[in-house]
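Letter by letter, the chains look like this.
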Amino acid sequence: MKAIELEKAYNPKDFEDRIYKDWESKGCFKPASDPVSPIHAEWECKCADCKDGKKNPALYSVVIPPPNVTGVLHMGHGLNNTLQDIVVRYHRMKGDNTLWLTGTDHAGIATQNVVERALKKEGKTRYDLGREKLVERTWQVTHEHHDIIVKQQRKLGNSTDWERERFTYDEGLSKAVRDVFVTLYERGLMYKGQRLVNWCPRCGTALADDEVDHEDTQGAMYHIYYEYADGSGKIEVATTRPETFFGDTAVAVNPTDERYTALVGKKLKLPITGKEIPIIADEYVDKEFGTGMVKITPAHDPNDWEVGKRHNLEVVNLLTPDGRLNENVPEKYRGLKPEAARKMVIEDLTEAGLFKGEEKMVHSVGHCYRCKTIVEPYLSYQWFVKMKPLADKALKAWKDGDIVFYPRKWENTYTHWMENIRDWCVSRQIWWGHRIPAWYCQKCGELIVSREDPCKCPKCGAPADQLKQDEDVLDTWFSSWLWPFSTFGWPEKTKDLETFYPTTALVTAYDIIFFWVSRMIMAGLEFTGKAPFHDIYIHGLVRDKQGRKMSKSLGNGMDPLEIIDMYGADALKFTLGFMCAQGQDILIDKDSFKLGSRFCNKVWNASRYLLGNLEGRNLIPVTDADLTELDKWIYARLNNAAKLARAALEGYRYNDAASALMEYFWNEFCDWYVEATKLNFKNGDDHEKDRQATVLLNLLEENLRLLHPYLPFVTEEIYSKLPVKEIVEARKAAGEQKILSSSNYCGMLIDAPYPEPADERDNAAVVERFDVLKDLIGKTRALRTECGLDPAAKLNMAILVQAGSAAEVCKEKTDMIELLAGMKQVDFVESKPARAIGTVGSGFEAFLIVDESVNIDALKAKFNKEIETQTKYAENSERKLSGNFAQHAPAELVEEEKKKLAECQNRIEKLKSYLQSL
C-alpha cells in the first residue's frame, strides 16, 4: 500500500470547522434511538433483546446548564461545556442511548439590565419606552447574544442535539411555568404576602436571599443617645445605619439582663422627631454586645422584623422603591439617598448633643448579584413559595440514594441549605420574563390564578377588560428549576419525556448548588415524582494563577475562542480536563493551554510517522499467536489505560482519566513501543514488516478511539485518513481474537466503540519484564544527562544481572537496550568493571564504560568543578542553619533549607564516587 501523508504541522484550523459540520450533518449528535442517528440500526438490534422491547437499557441523558443570553461565554462556561462533552462522547462510544440537550436562559434581571444600560447611554429609562417596547428590544438583545453563544459552543465542539435546543422563555417552557405556578397555588404552596424582602433600588425589584452577594465593606458603628420621654436621662444605642432611626418602633433588651429589667415598658423619645417608643424585652438581644440595648426597625432589618412580629410593633417603611427616604421622615431628609441622609442625621444629632461618636469598622453588606447596588431590606407585597414541604422531599431523595454528589463533600452544603430553607420570593418588579398568571378583578377585588387568560371574573362575572394582570414577572430561576423536565415537553406526556427523563447526570459549578441544583431536585420530585438526575458532578471554578476569580474588573478573564484560535479546541478541552481535579478550583493562564497543545502535536506527529511509513507494506491477517512479547506488553498497557479511563470517567474523575491517557499514549506507546518497533522494520523480512505495520495500525486505530472523548477533532481527522476498511478486512481474515481488536466498525470515529478491557490482554509477567527494561534504560539515560555526556554519543555499557530476577530479560533484549539507551555495545558482567559509572535498579546494576570514546580529563574537570560549587553551597547552608536563621525563620523555611543541604551533600558524595570510579 502507499504511504498516507498527513500535513507536516498540526494545524487545527484546517479541519475543526469542517469536522463539526460533518458530525452535525450526519446526525452524529442524535441519540441512538433517533432514526436519524448513524448508529440507530445497531441500537434497534440491541433493543430487540430488551424485556419491554421499547427502551435501550443503557441510557445517558444530560441537560446543559443554560447560559444566560446576556453576553458571551467565559472560561467557566468553557470548562463546564468541556466536561459535559467528554462524558457525553464517552457514553455515546460505549453504545449508550446518549442525548445532550442544549439551550439558553432568558435571565430576567441580568438581560433587562443589559438593555437598561444601553438606554441610559441614550438618556432614557425603561419607562420612556414602556413595557411592550422594552420587551421587544430585549428580544433583539436575546437573539444577538444567543447567536454568539451558539457559535462559541460549536467552536468548543459541543456534541449537543441542536434540533432539541430550548429557551427558558420559549412557548413550551412558558406553558410549563404557568402550570407550575398554578399547581403550587392550588396545593397551598404559593402565596402572596407582605414581607420584608431584599430590594435592589437600581433594578427596582425584590431579590431572593441567594441573589444577594455579601461583601466586606468599610463602614462605621455610630453611637447615639435616646432620651427618656419623662426627661429622667438617656440611653446609648449603636447602629451602622443611623438614618433608619426614623423607623424605630422600640428599643430591645435581653429579658435576663438585670441592668435593664426595671426599664422594660419605659418610654423613649426618638431624636429629632420626638416620637415616643417603648423599651421591650426580647431574647434576640445579645446582652454582651455593646450596651446591651438594640434599636428595633422592623421595616429595615430582617431580625428586627421578626422581633416586631413577636411584639406586634408598628412597621414604618422609610424608603421609596428607588431607595430614597420617603414621606415618613422629616421633610428636610425626604428624597435623599441613605448615604446623604446619614451624613445629615449625624450633623443634626451632634448639634442636639445626642451623638456620642463613631468607630470605623469593616462589615458585611449585601449587594445585588447582578448590578452590585447595595441591597435594602424593604417592606413589600410579594409572591412566595413555601419551600419546607419541597425541601423535605429533596432531603429524603438524598438519604434514599436517589441522588449522588461527586465529590461527596457537597452533600453537606446541600443538606445544610435544605434543613435551613426559607420561603422563596419569586416575584420580580421588572418586565422581561414570565408574567405572573394572576389577575385582580377591578370590580369585586377577586384574585384569579389561572393556567389560561381568564375571560371573566368567576366571582362577579366582570368581563376580561376589568381583570388586571399582576404587573410582576417571575424570578428567572422559576423557569430554570423546571429545566430537566420542561425541556422534554412536560407537562405534556411526550416520547422524549418518557425516554430521557429522569436524566442521568448534571454537571455544574458549585456556586449555584442552591440557586439551581437543589431547586431542580425539589421541582422534579414535586411535579414528576422523580429526582431529575442521579449523578451530580460539582466542579470548581476557573481562576487565574493567583487564585482570583476571573472578572472584567480585574482584567484577568479569558475568552475560550481566543484560546481556540491560538491552540485549537482540543488543546483547550484536554488542558481543562487534565487540570480538573474533584473538589478543586482550576488555576490557569494562557500558557497553561500549551500542555494540551503539546499533546495534540504528539498525537499528530506519531500518527504522521506511522502512516507515512506504510509505503510498500501490506496489511495482513494477524492472530494473537503472531504477537511478539513487545506487542503483548503494549496491549497490556492499552488494556490498563482503558480500565483507568473508564473507571475515572464513570466516577467523573476527569484529571485521572486524562493523566492515564497521556501517560499511555505519550510514554508507553510512542516513547517505548513505537521506538522499539523500529528494530523490526530495520532487521525484519517483508513478512515481519507487514506484520508489524498491521499491528501498529490496529493499535493506532484503537488508540484514537481511546483518546477521542478528550481530543475529538484531531482524532477524528486522523481516523478519517486511516485505511479502516483494509484494517477491518485483515481483522476479519484473521478471525475473532482475544488480544487484537476484532472491531468491524467503519463509520466516523465519534460513533466508534470505546475500547473495552479484556482479561486476555492482561499479562503481569510480560509487564514485569518490560518494567525492568524501562527502568534500566530510563536510569541509564538519566545517568548520561547527570554526567553531562553527549546524548548522541554511542557508549559502551556493562550490566550485572542478579540470577533468577526479572532483570534476566536484559540478556534477551540487548538490541532494544542498545537502540533505546543509545549504546554502541552492551556486555554482561559478573562484577563491576574498571573505570565505569553506575546506577542500580531492581535485579541489576548498569555501568557506563568510560573508555577512549569519552574524554576522561574533561569529565573529571566537570565533576571537580561541580563538587567545588556544591561544597560552597553546603558551607553557606551550614552557616545559615547554625546562626540566627535557624532560630528566627519560620519552621517550614528551616526544614526546606535542611532538605536542600542534605540533597547537596548527597550530590557531593555521588560525584566523589564517580571520580573514584574514574
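You'll find the structure just up there.
Residues numbered from 1 in each chain as written. Predicted model: local features only at pLDDT ≥ 70, side-chain atom pairs only at ≥ 80, totals over all residues. Heavy atoms only, no water.

1. Concerning the overall build of the protein
A tally of helices and strands in the protein yields 29 helices and 28 strands. Once the C-alpha set of the protein is aligned to its principal axes, its extents read approximately 110 × 80 × 55 Å. Expressed as a percentage of the 918 residues in the protein, the buried residues total 55%. Taking all contacts inside the protein whose residues are at least 6 apart in sequence as the whole, residues at least 24 apart take part in 76%. (Helix = DSSP H or I, 4+ residues; strand = E, 2+ residues; numbered from the N terminus. Buried < 20%, exposed > 50% of the residue type's maximum accessible area, 1.4 Å probe, protein only. Contact = heavy atoms within 4.5 Å.)

2. Here we look at the side chain of Ser743
Note on placement: Ser743 falls in the loop between helix 23 (724–734) and helix 24 (764–786). Of the polar contacts made by the side chain of Ser743, one reaches the backbone nitrogen of Tyr745; its length is 3.3 Å. In this structure Ser743 touches Arg705, Val728, Arg731 and Pro753, once residues within four positions along its chain are discounted. (Polar contact = N/O pair within 3.5 Å; in protein donor to acceptor, adjacent residues only side chain to side chain.)

3. Here we look at the sheet that holds strand 18 (residues 447–449)
What the three strands build is an open sheet, ordered 18-17-19; its pairing is antiparallel. Taken across any chain shown, the strands that pair with only one partner, and hence form the sheet edges, are strand 18 and strand 19 (467–469). Taken pair by pair, the neighbouring strands of this sheet meet at an average axis angle of 30°, ignoring direction. Strand direction decides the pairing type here: strand 17 (residues 438–441) and strand 18, joined by three bridges, are antiparallel. (Pairing = 2+ DSSP bridges. Axes fitted to C-alpha atoms, helices over the stretch in contact; angles between N-to-C directions.)

4. Things to note about the packing of aromatic side chains
One pass over the structure, following the stated rule, counts 43 aromatic pairs. Relative to Tyr501, the ring of Phe485 has its centre 5.9 Å away and its plane inclined at 70°; by these criteria the two rings are edge-to-face. With a gap of 16 residues between them, Phe485 in helix 13 (residues 483–486) and Tyr501 in the loop between helix 14 (495–500) and strand 21 (505–509) connect regions that are remote in the sequence. Since its relative accessible area comes to 6%, Tyr501 is described here as buried. The aromatic ring of Trp162 is capped on one face by Arg154, whose charged end is 4.5 Å from the ring centroid. Sitting over the ring of Tyr225, Lys234 keeps its end group 4.1 Å from the ring centre. (Phe/Tyr/Trp six-rings, centres within 6.5 Å; stacked < 30°, edge-to-face > 60°. Lys NZ or Arg CZ within 6 Å of the ring centre and 35° of its normal.)

5. Quick word on the pattern of salt bridges
Under the counting rule described, the total for this entry stands at 71 salt bridges. Here Asp282 ties to Arg310 by a salt bridge, and the two come within 2.9 Å at their closest N and O atoms. Pair noted here: Asp282 is in the loop between strand 10 (276–281) and strand 11 (293–296) and Arg310 is in helix 8 (residues 302–311), with a separation of 28 residues, a long-range link. Residue classification places Asp282 among the buried positions, given a relative accessible area of 6%. With its nearest N and O atoms 3.5 Å apart, the salt bridge here joins Lys779 to Asp775. Residue Lys779 and its partner Asp775 are both found in helix 24; the two are separated by four residues, about one turn of the helix. Residue Asp775 is classed as partly exposed on the basis of its relative accessible area, which comes to 26%. One salt-bridge network, in which partners are shared between bridges, spans Lys30, Asp34, Asp161, Glu163, Arg164 and Asp496. (Salt bridge = Lys/Arg side-chain N within 4 Å of Asp/Glu carboxyl O.)

6. Details of the environment of Val285
Within the fold, Val285 resides in the loop between strand 10 and strand 11. For Val285, a relative accessible area of 3% puts it in the buried group. Separated by 38 residues in the primary sequence, Val285 and Gly247 have C-alpha atoms spaced 18 Å apart. If sequence neighbours within four positions are ignored, Val285 has contacts with Ala252, Val253, Asn254, Gly292 and Val294.

7. Examining the pairing of strand 13 (residues 376–385)
Among the 10 residues that make up strand 13, nine are buried, leaving the element largely enclosed by the rest of the structure. Summarising the sheet, strand 4 (residues 190–200) and strand 13 pair through 10 bridges and their orientation is antiparallel. When the sheet's bridge partners are listed, Leu196 is paired in strand 13 with Leu379. Alignment of strand 13 against strand 15 (residues 424–425), held across two bridges, turns out to be antiparallel. By the bridge assignment, Val385 is partnered in strand 15 with Trp424.

8. Digging into the pairing of strand 2 (residues 97–104)
Regular strands place their side chains on alternate faces of the sheet. Summarising burial for strand 2: eight of the eight residues are buried, a large majority. The side-chain alternation of strand 2 yields two buried faces, one formed by Asn97, Leu99, Leu101 and Gly103 and the other by Thr98, Trp100, Thr102 and Thr104. In this sheet, strand 2 lies alongside strand 1 (residues 59–63) in parallel orientation, the contact comprising five bridges. Within the sheet, the bridge partner assigned to Val63 lies in strand 2 and is Leu101.

9. Some thoughts on the packing of helix 16 (residues 560–567) against helix 17 (residues 569–579)
The N-to-C vectors of helix 16 and helix 17 enclose an angle of 115°; their axes lie 7 Å apart at closest approach. Classified by the angle their axes make, helix 16 and helix 17 are roughly perpendicular. Residue-level contacts link Pro560, Ile563, Ile564 and Tyr567 of helix 16 to Ala569, Ala571 and Leu572 of helix 17. (Parallel < 35°, antiparallel > 145°, perpendicular 65-115°, else oblique.)

10. Topic: the nonpolar core
Among the nonpolar cores identified, the biggest contains 144 residues, and Met75, Tyr654, Phe669, Tyr673, Tyr710 and Ile817 are the most heavily contacted of them. Sort the elements by how many residues they give to this core and helix 20 (residues 654–683) lands first, with 14 residues. Beyond its immediate chain neighbours, meaning those up to four positions away, Ile817 contacts Leu773, Leu776, Ile777, Met797, Ile799, Cys810, Gly822 and Val826. (Core = buried A, V, L, I, M, F, W, Y, C linked by side-chain atoms within 4.5 Å.)

11. Observations concerning helix 11 (residues 410–419)
Among the residues of helix 11, those classed as buried are Trp410, Glu411, Tyr414, Thr415 and Met418. Each buried residue of helix 11 lies within a common arc of 135° when the element is viewed along its axis, so the set occupies one face. Exposed residues on helix 11 whose side chains face more than 90 degrees from its buried face are Asn412 and Glu419. (Arc of directions from axis to C-beta.)

12. Concerning the sheet that holds strand 5 (residues 205–207)
In spatial order, the strands read 5-4-13-15; together these four strands make up an open sheet with antiparallel pairing. With one partner strand each, in any of the chains shown, strand 5 and strand 15 form the two edges of the open sheet.

13. Focus: the side chain of Gln692
Inspection of the secondary structure assignment puts Gln692 in helix 21 (residues 686–707). Side chain to side chain, Gln692 and Arg691 meet in a polar contact 3.3 Å long.

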